[in-house]
Amino acid sequence: MPSLSTGIPLSRYLESNFSAGVRNTSYLIDDNGASEWQDVNSKNRFLYNLNSEVGTTLMRDFSLDFDEISGFNHTLRPFVAYEYTGIPDEKTLPIFDPIDELEEENAVYLGVNNFFAISGEHNGRNFERDYLYFKVKQGYDFRSTESDTPLTPVIAETGWYPVERARIKYLTKVDVYGDGMFYHSIDGDYMDSAGDRFSLDYRFNEETDTDSIKGSVWYLLPYNLAAGYSLERSIEDKKTIEE
């Protein structure tokens, strides 16, 4: 998707950026006997998007005496963002695959990101790495179709790096009009020094009746070759979704 982005200086303490882009997805169609697609060989889905953000960054270092850790850093970044996605022919095509699961958007978001990094000495060598982060945001939807429920779900995400090259991430979405927490995802992955990777993911989405678990392994072989395997299973239906 081609896009243009630029930073806009506002002051010593405020950071801002603006981006704009377009996207076009082209499909070759086989009607398979469906009358509404007869004599149609291809279709395109075109959209454009605009994004802007204004925020500031606060940072502080703290001393710590815990095992190999001698200090940690906290970065706090509150922000206000605007996101717009326009799809001129939104109803021309159905959703064919997850790549094209896009919706129109016209919302302003208020959020805050927290990042924590640790530093110290391990085996005689100094180190500094990410340790934890927490992000939360909520928006106000300006679309007329959402006038009765303009507040978007609260999106909260946290990630933990217990050891180097390992990460555990959790994301949830909370409806503020009575439905509560309707989306959960837990992602864990580990990559060793050779580049081999293992991941295990869990997804629950009440709106789409999704309740699945997915695991994958990726092993690097000599001569720039690699072998991998991935399996996704539906927990409720006890069926394989993708292999």
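Owing to the predicted nature of the structure, the values given are computational and were not obtained by experimental measurement. (Residues numbered from 1 in each chain as written. Predicted model: local features only at pLDDT ≥ 70, side-chain atom pairs only at ≥ 80, totals over all residues. Heavy atoms only, no water.)

Caption draft 1: Layout of the overall build of the protein chain. Helix and strand content of the protein chain: 0 helices and 14 strands. Walking the protein chain from its N terminus toward its C terminus, one meets helices and strands in the order β-β-β-β-β-β-β-β-β-β-β-β-β-β. Taking 2.2 N^0.38 as the reference for a compact globule, 243 residues should give roughly 18 Å; the C-alpha atoms of the protein chain span a radius of gyration of 22 Å, well beyond that estimate. Expressed as lengths along the three principal axes of its C-alpha atoms, the size of the protein chain is roughly 70 × 50 × 40 Å. (Helix = DSSP H or I, 4+ residues; strand = E, 2+ residues; numbered from the N terminus. Rg over C-alpha atoms; globule rule 2.2 N^0.38 Å.)

Caption draft 2: A look at a negative patch on the surface. A cluster of like negative charges, contributed by Asp 179, Glu 206, Glu 207, Asp 209, Glu 236 and Asp 237, occupies part of the molecular surface. Structurally, Asp 237 can be placed in the loop between β13 (225-234) and β14 (239-242). (Patch = residues over 30% accessible without salt bridge, like charges linked within 9 Å, V, L, I, M, F, W, Y side chains within 5 Å. Areas by Shrake-Rupley, 256 points an atom, 1.4 Å probe, with all protein chains shown as cover. Salt bridge = Lys/Arg side-chain N within 4 Å of Asp/Glu carboxyl O. Lys, Arg positive; Asp, Glu negative; His and termini not counted. Charge placed at Lys NZ, Arg CZ, Asp CG, Glu CD.)

Caption draft 3: Up close: the side chain of Thr 172. Looking at the element boundaries, Thr 172 is found in strand β9 (residues 166-175). Polar contacts involving the side chain of Thr 172 include one to the main-chain carbonyl oxygen of Tyr 183, which spans 2.9 Å. Not counting residues within four places of it along the chain, the set of residues in contact with Thr 172 comprises Val 154, Ile 155, Ala 156, Met 181, Tyr 183 and His 184. (Polar contact = N/O pair within 3.5 Å; in protein donor to acceptor, adjacent residues only side chain to side chain. Contact = heavy atoms within 4.5 Å.)

Caption draft 4: Spotlight on the packing of aromatic side chains. Evaluation of the coordinates by the stated rule reveals 5 aromatic pairs. Ring centres of Phe 62 and Phe 72 lie 4.9 Å apart, and the angle between their planes is 15°; on these two criteria the pair is classed as stacked. Taken together, the residues span a long stretch of sequence, with Phe 62 in strand β4 (residues 58-66) and Phe 72 in strand β5 (residues 69-86) at a distance of 10 residues. Feature note: the residues Phe 115, Tyr 133 and Tyr 161 constitute an aromatic cluster, connected by ring pairs. (Phe/Tyr/Trp six-rings, centres within 6.5 Å; stacked < 30°, edge-to-face > 60°.)

Caption draft 5: Up close: the pattern of salt bridges. One pass over the structure, following the stated rule, counts 8 salt bridges. With its nearest N and O atoms 3.0 Å apart, the salt bridge here joins Arg 167 to Asp 189. One end of the pair, Arg 167, is in strand β9; the other, Asp 189, is in strand β10 (residues 180-191), and 22 residues separate them in sequence. Residue Asp 189 is classed as buried on the basis of its relative accessible area of 14%. Among the charged side chains, a network of salt bridges with common partners joins Glu 15, Glu 53 and Arg 77. (Buried < 20%, exposed > 50% of the residue type's maximum accessible area, 1.4 Å probe, protein only.)

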